[in-house]
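Commentary on secondary and tertiary structure
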Amino acid sequence: MGVRTWIEGWPVYRQLTGTDPLGRGAAAQSQRSRTLTARTETADRVAKSVCPYCAVGCGQRIFVKDEKVIQIEGDPDSPISKGRLCPKGSASKSLVTSDRRQQKVLYRRPYATDWEELDLDTAMDMIADRVLAAREQTWEDKDEDGRPLNRTLGISSLGGATLDNEENYLIKKLFTAIGAIQIENQARI
Amino acid sequence: MAEAHPVGFQYVVEAKKRGAKVIHIDPRFTRTSALAHSYVPVRAGADIAFLGGIINYILSNEKDFREYVVAYTNAAMLVSEDFKDTEDLNGLFSGYDPEINAYDQSSWQYAGQQDEGQSRGQAHVDRETASGLEQESHGPPIPADVPRDLTLQDPRCVYQVLKRHYARYTPEVVERLCGVPQDKFLEVCEAWTANSGRERTTALVYSVGWTQHSVGVQYIRTGAIIQLLLGNMGRPGGGVMALRGHASIQGSTDIPTLFNLLPGYLPMPHHSQHETFDQWIDAIRHPEQKGFWANAKSFAVSLLKAYWGDAATEDNDFGYGWMPRLTGDHGIYQQVLDMIDGKIKGYFLLGQNPAVGSAHGRAQRLGMANLDWLVVRDLFMIESATFWKDGPEVATGEIVAEQCKTEVFFMPAANHAEKEGTFTQTQRMLQWREKAVEPPQDCRSELWFFYHLGRIIRERLADSKLERDQGVLNLAWNYPLHGKRGDEPSGEDVLFEINGYEVATHKPLSSFTEMKADGSTAGGCWIYTGVFKDGVNQAARRKPRTEQDWVAREWGWAWPADRRTLYNRASADPEGKPWSERKKYVWWDEEAGEWTGYDVPDFEKTKPPSYRPDKDATGVAAISGDDAFIMQGDGKGWLYAPSGLIDGPMPTHYEPVESTVRNPLYEQQANPTRKVYDRSDNLTNPSPPERHAEVYPYVFSTSRLTEHHTAGGMSRQLAYLSELQPEMFVEVSPELARERGLQHLGWAHIVTARAAIEAKVLVTDRLTPLRIEDRIVHQIWMPYHWGNEGLVTGDSANDLIGITLDPNVLIQESKVGTCDIQPGRRPTGKHLLDYVQSYRDRAELRPDHQAPLVTTEVEEEG
Amino acid sequence: MAGSNSFYGPLDPASDAGYVDAPPRKGFFTDTSVCIGCKACEVACKEWNLVPDDGFNLLGTSYDNTGGLTANSWRHVAFIEQPTAGGCGHGTDTPGAFAGMPTGPSVSAATAVVGAGVGQDTGTSPGVQPAVDALAAAGTIGTQFLGMPGTDLPGRTTDAPRSDFRWLMMSNVCKHCTHAGCLDVCPTGALFRTEFGTVVVQEDICNGCGYCIPACPYGVIDQRKEDGRAWKCTLCYDRIGDGLTPACAKACPTESIQFGDLDELRERAARRVEALHEQGVDQARLYGHDPEDGVGGDGAFFLLLDEPEVYGLPPDPIVTTRDLPAMYKRAGWAALAMAATAVASFLGRRA
């Protein structure tokens, strides 16, 4: 920056020489204000999404920069929501980026008074062990008249109303195949 | 609607700007009432009386849309001579068996069909397995040749039966029972009827709190009867519309995580009713019956092929033998009680927080405290993961961490931005979400979790020769992995499998009509077939609304077959012409010889209106050219349900299970077929005619606030939502505040037989006492979002509620109950238990207390 | 260029502030007759502008728990519960909402006892039983009788029979005045007029002197305790510069908040008032739309359904710097006089 530019950048110079003698507008505009731009304009990409709260199904646009979600707002193309969002939908960015989110597996041993951390793979192995053990202990082959039962009543599952169809499909498929029938979700509640 | 679905409410505002009249009926004045022309306060739990009054108004003033009613409903069908109404039997229908509290439904059938009715035993099994209404009305077969009286004059025709049933639901009775002044009630009747017919339609919108009653299904039935009588079904601007409360709760019933269903509303096999493959198939399709369910075998075989791939062959009944079997009630409440009793080892919670969000929170938490292990998958730390650490029972000493054996795994989940997939929103529309970013650290999708859980289980069992393990070993579980970590199944691959494909060529199916019963097609959910039509993910379509017509068919994909309005054949008259130019939607194009219109016709495309089936036709061929309700056993919309409903063919006013008043209409107080769990840990407040109802003298209801979401896991963790509603509160009228000495912004506590919780008091004019005859009934209201985790915490309203269920679908009555309210905070620690017990003592609620199911005399069969 | 109306009266603020070929002035029209009080505006604003939360306090003023416009709440939804309505019944209020509802002493403690008993024939079976004497019933039940303390609800007498009722909601925001006192008193140039005619605090300039706070006739602008700087609505200066809609207006489910060219919004608002009047909503009126008012008209103006005071708005706001030119003039003369005196005294001494 040359001295001339530097001096011309001074608000007082601009005020005295420009169109804004009272120094309340153009002359007072800071460097930051002059170059200000909406952060969505510089996003690396925009994902077309759907609000995760209620079942209206409002369209969302998720703006991503440097692999971080920088903004979530309504999708004006949607014939359902026309770009609007309620307070919950408007809070989606907080939902996604909150530092209160649990990001590590936690484990509570029997009779323990606090959590401990656990490796994800270990946790998966432990859960699989427990599913198999519960199934083993409670397996029912036949009813009293010899008709097939093929099931365990030792395992329960609750959830699915905020999950994707594809996820629910795999959940039901796997649980049915291992004989677990006590699979329920919010639709019963 | 403005409270819980603000963005949906924009259309109400838009309609209002164009001159529509908005009426809001609610026990409390809400943000919806604030924008309504007319607000109608009503007593919680009296909806059938209110809507029954409207049916009476329609029928006694002949305001029904007669041509529609005659053509498309079962109004003209004659009902069996053996049928006796609640009006004859003091609140019971004919066929009630007090031994098992269920009906023998033979006498409810159409004339000449008595043998087809469900037996009591069948009704009992249906209740246990929540299968009364499975596959829509597709219960027992309804033959085509039911006698009819098209003049609707025969005293036994459905129209006349209905008219007699509701004759006593007069405006006077509505006023005395619901607390609604007659002029207001008549205003609703007039508005609804004046805006229905050829030129106009009216939509009935409800939120799913309506399902949370011991007569929940009958509430919705009452709405459906009105909409059928007024010709509002299958037509633009009409319908009965559920505003669901979770992003894909519709999807989680279509592709169910429900004990009694398989994808596409196929029933889970029952050990005695569906012992063999053929029994299972025939129970779904009913070989003699008309309608599209006749093709059920194709749907079922395709599902089994999707599950078991090459291992599913004609020789092994496509793997049917591997399917687990139901024996009775395996619903979530039975499970919770079984957990308390130590019968269940492990429990998965998938984005669900029952410690706050489910009825009877204490039972939920005590159940979890008695498991071997619990897996909680969620975004934030929720109450259901920490019940052993700082839950309410830790405070009362009922749960002690050092003595609680439950092993808990908290598995952090990926959120909606971190995975791809479809949600099915409340109008059955699937919308694809693109993945925006990778989930951080240990956060994973359910797709990841269950794929890998299955993979590990299959690896562990790989060498097993046990018969029980063959189902999981033969499972088609080879999903290619993708993503930055290289370990995530592709959502599109799974959606493709759901859509279905030709086994030999792997070519996607474009319609469920292409499904075959010989194993040559596979498809995970027949009603979703077409979502991957032409190999294109139709759910990902996003043509801007400004570039298409008002039906916006190129946005997302709606099941079935991309139909936006179900049963839209009814938008045309029997001859196939639109009822009016104004309400034109789908019609018969004589020249082209096909159905056409703004939507995909919900009818065989080239079947003319004049088509009449042969006498012995079955299945789809048996559907007449004017049978608009193509999934129904008789092709008609049901004003009267001869089968399928456990608690009666017509909705009848029963008081809520907990009520402060005696049923003014019948000696039978509450639903005599409701599902009860009489246990010492699930006591019910006494209601008339029992003594001591005065111990819990007030009516309470709970619902949502705009600013929070269900059990708070996705809202009480966020500062921007928490600050908007930072504390648990209870709303009371100034009159009740004065009666009980409650101070605005002071503390109060609310007591039921289950629990006592505390809340800040909001004294507001938005709550009003109601006059029920000469008495005054006070109602209080609470949001149910709070628990002890999160940025803002408080007691949970669901702790107040007991477990009594609707018999048809096993959903709990949680929108109305009785309670006491007193100023000040509740006691803490052990004193809290003593305090709740002191109320039970006053109410003489002993541990073995059972609320009487029948409060009238049962007529002996004879 | 500075002109005769630079401090008072109608004015195009952007060109007055030195913008050549300024774009049309932008603003908000907030139509409270369709506001459902969902607060999406508050949240959307905070998400976009990264505004801190305002603390978790149950205020008891209906459903308002953020209390007002502050440095940490740039949109604020006010809730007003009114026991009496205007009586027009066109969906902006609900006359007769509670007409026919009971008042006075309740007999509810006796309700269940009475309901369970056997009473006279009322034509239905088993019939609705008549009420019994309330006190007698209470006596037999033995419930605690706790007297009748006041309920402390402002604006309501509990004895009065109620009938009409309405629940007003309004999303409040900085008015972006044509004559902005905050801007006029800002000594650092942190507050400035944008090319869109809006008033924005430049966070990189503000030094937290706080002069602007008492200068706002609406009490909008506020200092953030943590950093001392002044914060308020920027009308999403960054967004509108890129042709986007401000976050609150973008989210608003019912188009209660409308963003656009101020001239066009004023016309739209006039039509809306007319339409409401035709529907019988006589109380509909505009607030802050008039260039002749005490602040030269607001960039953010409102359609209200009652007097401004009901919503906590000043009925007749006047820019606090209206008399600044005259004051400057007087101050100038005084200074000159003092200078002259000083010179005279010097001269006098020399003389």
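What you see is a predicted model; the values in this text were computed from it and never measured.

Let us look at the overall build of chain B. In terms of helices and strands, chain B carries 23 helices and 30 strands. For 862 residues, the compact-globule estimate of 2.2 N^0.38 gives 29 Å, and chain B sits close to it at 27 Å. Burial analysis of chain B (862 residues in total) assigns 69% to the buried set. Residue pairs in contact within chain B that sit at least 24 positions apart in sequence constitute 71% of those at least 6 positions apart. When the accessible surface of chain B is summed, it comes to about 25600 Å², and 47% of that surface belongs to carbon and sulfur atoms. Here chain B carries 89 positive and 120 negative side-chain charges, and the mean point of each set is 4 Å from the other.

To continue, consider the sheet that holds strand β9 (residues 285-287) of chain C. Residues and elements named next belong to chain C. Taken together, the four strands give an open sheet; going across it, the order is β8-β1-β10-β9, and neighbouring strands pair in mixed fashion. Edge strands, defined here as strands with exactly one partner in the open sheet, are β8 (257-261) and β9. If you compare each strand with its neighbour and ignore which way they point, the axes differ by 25° on average. Along the sheet face, helix α9 (residues 262-278) touches β1 (26-31), β8, β9 and β10 (300-304) and points at about 135° away from the line of β8.

How big an interface is tends to be expressed through the accessible area that disappears when the partners come together. On the side of chain A, 117 residues touch chain B, which itself brings 163 residues to the contact. Between chain B and chain A, the buried area comes to about 12700 Å², and carbon and sulfur atoms account for 61% of it. For the chain B face of the interface with chain A, the top three residues by lost area are Thr257, Arg468 and Arg545 of chain B, together amounting to 6%. Run the count over chain B and chain A and you get 13 salt bridges. At the surface where chain B touches chain A, the tally comes to 80 residue pairs in polar contact (both at pLDDT 80 or more). Among the elements that take part in the side of chain B that touches chain A, helix α18 (residues 446-460) of chain B stands out by supplying twelve residues, more than any other.

Before going further, it helps to examine the environment of Gly159 of chain A. Within the secondary structure, Gly159 of chain A sits in strand β7 (residues 148-159). Spatially, the C-alpha atoms of Gly159 of chain A and Asn185 of chain A are 4.3 Å apart, while their sequence positions differ by 26 residues. Once you skip the residues sitting within four places of it in the chain, Gly159 of chain A turns out to touch Asn168, Glu184 and Asn185 of chain A together with Thr257, Leu350 and Gln352 of chain B.

Phe50 and Phe348 of chain B are the most contacted members of the largest nonpolar core, which totals 343 residues. Aside from chain neighbours lying at most four places away, what touches Phe50 of chain B is Ile25, Val40, Val42, Val174, Cys178, Val180, Phe185 and Val188 of chain B. Ranked by size, the runner-up nonpolar core spans 22 residues in total, among them Leu95 of chain A, Trp555 and Leu724 of chain B together with Val43 of chain C.

Domains assigned within chain C are domain 1 (13-88 + 166-320) and domain 2 (321-351). Inter-centroid distance (C-alpha atoms) of domain 1 of chain C to domain 2 of chain C is 41 Å.

What follows is about the pattern of salt bridges. One pass over the structure, following the stated rule, counts 80 salt bridges over all chains. A salt bridge links Arg61 of chain A to Asp77 of chain A; the nearest nitrogen and oxygen atoms lie 3.1 Å apart. With Arg61 of chain A in strand β2 (residues 59-65) and Asp77 of chain A in the loop between β3 (68-74) and α4 (87-90), the pair connects residues that are 16 residues apart, well separated along the chain. A residue is classified by how much of its surface remains accessible, and Arg61 of chain A, at 21% relative accessible area, is partly exposed. Residue Asp372 of chain B pairs with Lys405 of chain B through a salt bridge whose shortest N-O separation is 3.8 Å. Of the two residues, Asp372 of chain B sits in the loop between α15 (361-368) and β10 (373-378) while Lys405 of chain B sits in the loop between α17 (392-396) and β11 (407-412), which places them 33 residues apart along the sequence. Accessibility expressed as a relative area gives 29% for Lys405 of chain B, which makes it partly exposed.

Once that is clear, we can look at helix α23 (residues 830-842) of chain B. Residue and element names in this part refer to chain B. With 13 residues, α23 extends 19 Å between its outermost C-alpha atoms, agreeing within 8% with the 18 Å of an ideal straight helix rising 1.5 Å per residue. If you check which residues of α23 are buried, you get Leu832, Val836, Tyr839 and Arg840. For α23, the arc enclosing every buried residue in end-on projection is 100°, short of the 170-degree limit, so these residues lie on one face. Facing away from the buried side of α23 by more than 90 degrees, the exposed set consists of Lys830, His831 and Asp834.

So, about helix α5 (residues 120-128) of chain B. All names here are of chain B. Of all the residues in α5, the buried ones are Ala123, Asp126, Arg127 and Glu128. Of the surrounding elements, those touching the buried residues of α5 are β4 (102-103) and β21 (675-676). Phi turns positive one or two residues past the end of α5, at Ala130, with a value near 50°.

Turning our attention to the packing of aromatic side chains. Tallying each qualifying case throughout the model produces 62 aromatic pairs over all chains. With a centroid separation of 5.5 Å and 70° between ring planes, the pair formed by Phe175 of chain A and Phe450 of chain B is classed as edge-to-face. Here Phe450 of chain B lies in helix α18 and Phe175 of chain A lies in helix α7 (residues 165-178), a pairing that spans two chains. Assigned by exposure class, Phe175 of chain A and Phe450 of chain B land together as buried. The rings of Phe83, Phe93, Tyr96, Tyr103, Trp108 and Tyr640 of chain B are connected pair by pair, giving a single aromatic cluster. Sitting over the ring of Trp781 of chain B, Arg28 of chain B keeps its end group 3.4 Å from the ring centre.

A few words now on the sheet that holds β3 of chain A. Residues and elements named next belong to chain A. Taken in spatial order, the three strands of this open sheet run β1-β2-β3, and their pairing is antiparallel. Each of the sheet's edge strands pairs with one partner strand only, and the pair in question is β1 (45-50) and β3. Strand-to-strand, the axes of this sheet are offset by a mean angle of 25°, without reference to chain direction. Sheet analysis places β1 next to β2, joined by six bridges and oriented antiparallel.

What counts as what
Residues numbered from 1 in each chain as written. Chains lettered and ligands numbered in written order. Predicted model: local features only at pLDDT ≥ 70, side-chain atom pairs only at ≥ 80, totals over all residues. Heavy atoms only, no water. Helix = DSSP H or I, 4+ residues; strand = E, 2+ residues; numbered from the N terminus. Rg over C-alpha atoms; globule rule 2.2 N^0.38 Å. Buried < 20%, exposed > 50% of the residue type's maximum accessible area, 1.4 Å probe, protein only. Contact = heavy atoms within 4.5 Å. Areas by Shrake-Rupley, 256 points an atom, 1.4 Å probe, with all protein chains shown as cover. Lys, Arg positive; Asp, Glu negative; His and termini not counted. Charge placed at Lys NZ, Arg CZ, Asp CG, Glu CD. Pairing = 2+ DSSP bridges. Axes fitted to C-alpha atoms, helices over the stretch in contact; angles between N-to-C directions. Buried area = accessible area lost by both parts, 1.4 Å probe. Salt bridge = Lys/Arg side-chain N within 4 Å of Asp/Glu carboxyl O. Polar contact = N/O pair within 3.5 Å; in protein donor to acceptor, adjacent residues only side chain to side chain. Core = buried A, V, L, I, M, F, W, Y, C linked by side-chain atoms within 4.5 Å. Domains from an automatic or database assignment. Expected span 1.5 Å × (residues − 1). Arc of directions from axis to C-beta. Phe/Tyr/Trp six-rings, centres within 6.5 Å; stacked < 30°, edge-to-face > 60°. Lys NZ or Arg CZ within 6 Å of the ring centre and 35° of its normal.

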